[in-house]
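Spelled out, the chains give:
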Amino acid sequence: MRRSWWRVVAVLALVLLLAPAGCQKAAEPAESDQPPPTPVAAQVFAANCAGCHGEQGQGARGPAIKPSKRSEQELFLIIADGRGEMPAFRGRLAESEVQALISFLRGE
Ligand code: HEC
């Protein structure tokens, strides 16, 4: 009984000692990986849209979409629900990310 109690204390102490170190390690590369802060919309676009619409939105597999003359509502529906070959992004992107994308595409 006494023995196992000490084991629990030893494990807890180890976890407490290692946990903060582990967190710091995980956070470091992410910080140094992104030197100049890129606007959210450009990051979201590069990660989700550029593969089909081109790095600058100039068009590739999907049509050119930047700058877009479509209204905010039209863009929101296309991004949220998808269209033709384009997948729906509702539930995959936060609403704030979609709003940022819309302004980005409209050149605002
Ligand atoms: C798998 C490829 C693919 C991905 C990923 C993709 N799209 Fe598309 N997108 C398309 C295709 C193909 C169309 C044309 C659909 C049609 O009209 O049939 C399209 C159409 C559009 C249109 C309408 C263009 C117009 O004015 O007619 C917009 C706006 C758009 N995409 C924005 C986005 C955004 C923003 C993202 C990222 C969140 C994205 N797309 C990701 C393939 C893609």
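Notes on the structure in this doc start here. (Residues numbered from 1 in each chain as written. Predicted model: local features only at pLDDT ≥ 70, side-chain atom pairs only at ≥ 80, totals over all residues.)

**Observations regarding the site of the ligand**
Neighbouring the ligand are 21 residues, the closest being Cys49, Cys52, Gly62, Gly84 and Met86. Those elements that provide at least two residues to the shell around the ligand are α3 (50-53) and α4 (72-81). Within the shell around the ligand, the residues separate by chemical class into 11 nonpolar, 6 polar and 4 charged. (Near = placed C-beta within 6 Å. Helix = DSSP H or I, 4+ residues; strand = E, 2+ residues; numbered from the N terminus. Nonpolar A, V, L, I, M, F, W, Y, C, P; charged D, E, K, R; others polar.)

**Details of the nonpolar core**
Ranked by size, the top nonpolar core spans 9 residues in total: Val44, Phe45, Cys49, Ile65, Ile79, Leu101, Ile102, Phe104 and Leu105. Sort the elements by how many residues they give to this core and helix α5 (residues 95-105) lands first, with 4 residues. Val44 has contacts with Leu93, Glu97, Ala100 and Leu101, leaving out every residue within four places of it along the chain. (Core = buried A, V, L, I, M, F, W, Y, C linked by C-beta atoms within 7 Å. Buried ≥ 20, exposed ≤ 12 C-beta atoms within 10 Å, placed from the backbone. Contact = placed C-beta atoms within 7 Å.)

**Looking at the environment of Asp81**
Structurally, the position occupied by Asp81 is in helix α4. Judged by the 12 C-beta atoms lying within 10 Å of it, Asp81 is exposed. Taking C-alpha positions, Asp81 is 10.0 Å from Gly91, a pair spaced 10 residues apart along the chain. Setting aside anything within four residues of it in sequence, one finds Asp81 in contact with Ala88 and Arg90.

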